[in-house]
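Observations on the model geometry
Spelled out, the chains give:
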Amino acid sequence: MGAGHAHLHLLARARFLRAAGLDLTLIAPERFHYSGLATGVLSGALSVEAAEIDVAALAAVSGVRHLAATVVGANLQARVLQLNTGQAQGFDLLSLNVGSQVRDPLNLASAPGVFPVKPLAGLFTLRDQLEAAMAEPGPGPQVVVAGGGQTGFEVTAALAGLYTRHGRAPQVTLVAAHSPTFAPQGALAGLTAHLQRRGVSLLTGEIVARRDGTCLLADGRELPCERLVLATGLVAPPWLGQLGLAVDGAGRVQLTPQLQVLGEARVFAAGDCAVIAETPRPAVGVFGVRAAPVLLNNLLATATGAQLRSYRPQSHWLSIMDLGDETGLALWRSLWWRGRAALRLKRWLDLSFVAKARGGTFTPSA
Ligand SMILES: Cc1cc2nc3c(=O)[nH]c(=O)nc-3n(C[C@H](O)[C@H](O)[C@H](O)COP(=O)(O)OP(=O)(O)OC[C@H]3O[C@@H](n4cnc5c(N)ncnc54)[C@H](O)[C@@H]3O)c2cc1C
């Protein structure tokens, strides 16, 4: 279920699963968008195609039956999934890799002109709308980004980059509920100053409502806001929490180190939608990628009766933010490094991932 990072790995190795006697069905939308390149697309540095993987084509090449649909509910005891197409799909063994969605307790996303950062396709629509608006005379629409985490800062930087690429002063305000903590203080101070120099406004506050052309903060302030971007944290799809499984505070399904859902030996999961109960980690792509070989091994082992392996997620990981102006901010433990080389490394890593997932290799252009 889902064609996230871990299942792309399985798709490419479907022959091993078939050889173990498994009959595979993938239920997922036709296209996957790779988040490591999403802000590069939003800033106008990359095309949408650069970040897109054709899941339907990969499934066809791998000989996997693909249902271009999403799962909207399940009866795990009866081993049946309900799809948004109205179909039902039975299973003996289930693997979940359905990602996450934006935390939105006030349902701000139901108002017009609001763009949650997931699904990523919404950010690409936002870029199209802003580019269309900037083709007309005038300063361009006022965009407010809600969220002071790494994604909020990165999306803000990308939007500033988009305005600059179009020869406009950025009309972008980042509203953070709390002081950011995702990087060392020195890195955050440098990042904040860098964004302010580029014309971005930074405010502390909490957005509680969207009105026509404005958004309202909890303290009563009202900001001009033609588009609102929600980068308010990632949670698991809510329907997962209705399956009677053990979930954490973000609705993520809790797993054993062997990637089995607690109490459900025939249901496995990886990526943002799940968390290993003993070793919780945030919703970051690297964990879905690193869990993938263990997931493959354990699905094969379940089919053949072999020994399951454990996945021990790393405690530290390299993270590189695309700052939308041909520079990046790399973060590793207490170290940080901002500049062009950081972005070059990020591009190489991300474009290599996409090329490999498509079944090729990435060759950098001169
Ligand atoms: C703007 C942005 C930038 C980010 N940048 C980075 C980064 O640079 N590095 C990093 O490590 N992390 C980054 N992240 C976090 C990253 O997106 C997630 O941690 C990562 O995508 C999780 O991978 P996944 O495989 O669990 O799920 P996803 O990559 O979200 O894939 C899930 C797949 O399942 C499909 N799906 C969803 N629901 C269903 C359903 N009900 N039925 C069937 N299929 C379904 C989706 O269409 C999707 O294709 C970023 C996040 C955002 C929002």
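Everything in this summary refers to the structure shown in the same document. (Residues numbered from 1 in each chain as written. Predicted model: local features only at pLDDT ≥ 70, side-chain atom pairs only at ≥ 80, totals over all residues. Heavy atoms only, no water.)

1. Regarding the layout of surface pockets
- Empty space within the second largest pocket amounts to approximately 580 Å³.
- Elements supplying a minimum of two residues to the lining of the second largest pocket: helix 1 (5–12), helix 2 (14–19), strand 1 (25–27), strand 7 (88–90) and strand 8 (94–96).
- Across the lining of the second largest pocket, the residue classes break down as 15 nonpolar, 6 polar and 3 charged. (1 Å grid on protein atoms, 1.4 Å probe; cavity = no way out; pocket = protein on both sides within 12 Å on 5 of 7 lines; lining within 4 Å. Points joined across faces, edges and corners; volume = space filled by probe spheres on them. Helix = DSSP H or I, 4+ residues; strand = E, 2+ residues; numbered from the N terminus. Nonpolar A, V, L, I, M, F, W, Y, C, P; charged D, E, K, R; others polar.)

2. Re empty space enclosed by the protein
- A full pass over the atoms with the stated rule returns 1 cavity of 30 Å³ or more.
- Approximately 140 Å³ is the volume found for the largest cavity.
- Lining the largest cavity we find 15 residues, and of these Ala 274, Val 275, Ile 276, Phe 287 and Tyr 311 sit closest to its centre.
- When contributions to the lining of the largest cavity are tallied by element, the ones reaching two or more residues are strand 22 (274–276) and helix 8 (285–304).
- Top contributing element to the lining of the largest cavity by residue count: strand 22, with 3 residues.
- Considered class by class, the residues forming the lining of the largest cavity number 11 nonpolar, 2 polar and 2 charged.

3. Describing the site of the ligand
- Lining the immediate environment of the ligand, one finds 27 residues, of which His 5, Ser 35, Val 71, Asp 272 and Gly 285 sit closest.
- One of the backbone nitrogen or oxygen atoms of Gly 285 is found 2.9 Å away from an oxygen atom of the ligand.
- For the ligand, whose accessible area on its own is 1000 Å², the fraction buried by protein is 85%.
- In terms of residue class, the shell around the ligand is built from 13 nonpolar, 11 polar and 3 charged.
- Mapped onto the domain boundaries, the shell around the ligand takes at least three residues apiece from domain 1 (5–28 + 69–100 + 236–317) and domain 2 (108–233). (Near = heavy atom within 4 Å. Polar contact = N/O pair within 3.5 Å; in protein donor to acceptor, adjacent residues only side chain to side chain. Areas by Shrake-Rupley, 256 points an atom, 1.4 Å probe, with all protein chains shown as cover. Domains from an automatic or database assignment.)

4. Points about a nonpolar patch on the surface
- On the surface, a cluster of nonpolar side chains totalling about 690 Å² of accessible area is made up of Leu 318, Trp 332, Leu 335, Trp 337, Leu 345, Trp 348 and Leu 349.
- Put simply, the parts of the chain that give the nonpolar patch at least two residues each are strand 25 (335–339) and helix 9 (340–357).
- Looking at the secondary structure, you find Trp 348 in helix 9.
- Note on Trp 348: relative accessible area 45%, which makes it partly exposed. (Patch = residues over 30% accessible without salt bridge, like charges linked within 9 Å, V, L, I, M, F, W, Y side chains within 5 Å. Salt bridge = Lys/Arg side-chain N within 4 Å of Asp/Glu carboxyl O. Buried < 20%, exposed > 50% of the residue type's maximum accessible area, 1.4 Å probe, protein only.)

5. Here we look at the sheet that holds strand 16 (residues 222–224)
- Taken together, 3 strands build an open sheet; the order of strands is 14-15-16 and the sheet is antiparallel. Here the strands that pair on one side only, and so sit at the sheet edges, are strand 14 (207–211) and strand 16. Ignoring which end each strand starts from, the neighbouring axes of this sheet average 25° apart.
- In terms of strand pairing, strand 15 (residues 214–217) meets strand 16 through 3 bridges, oriented antiparallel. Across the sheet, Leu 216 pairs through a bridge with Glu 222, a residue of strand 16. (Pairing = 2+ DSSP bridges. Axes fitted to C-alpha atoms, helices over the stretch in contact; angles between N-to-C directions.)

6. Structural notes on the pattern of salt bridges
- Evaluated as defined, the whole model comprises 8 salt bridges.
- A salt bridge links Glu 52 to Arg 31; the shortest N-O distance between them is 3.5 Å. Placement of the pair is Glu 52 in strand 3 (residues 52–54) and Arg 31 in strand 2 (residues 31–33), with a sequence separation of 21 residues.
- According to the relative accessible area criterion, Arg 31 is partly exposed, its value standing at 42%.

Honestly, it's all geometry; don't read function into it.
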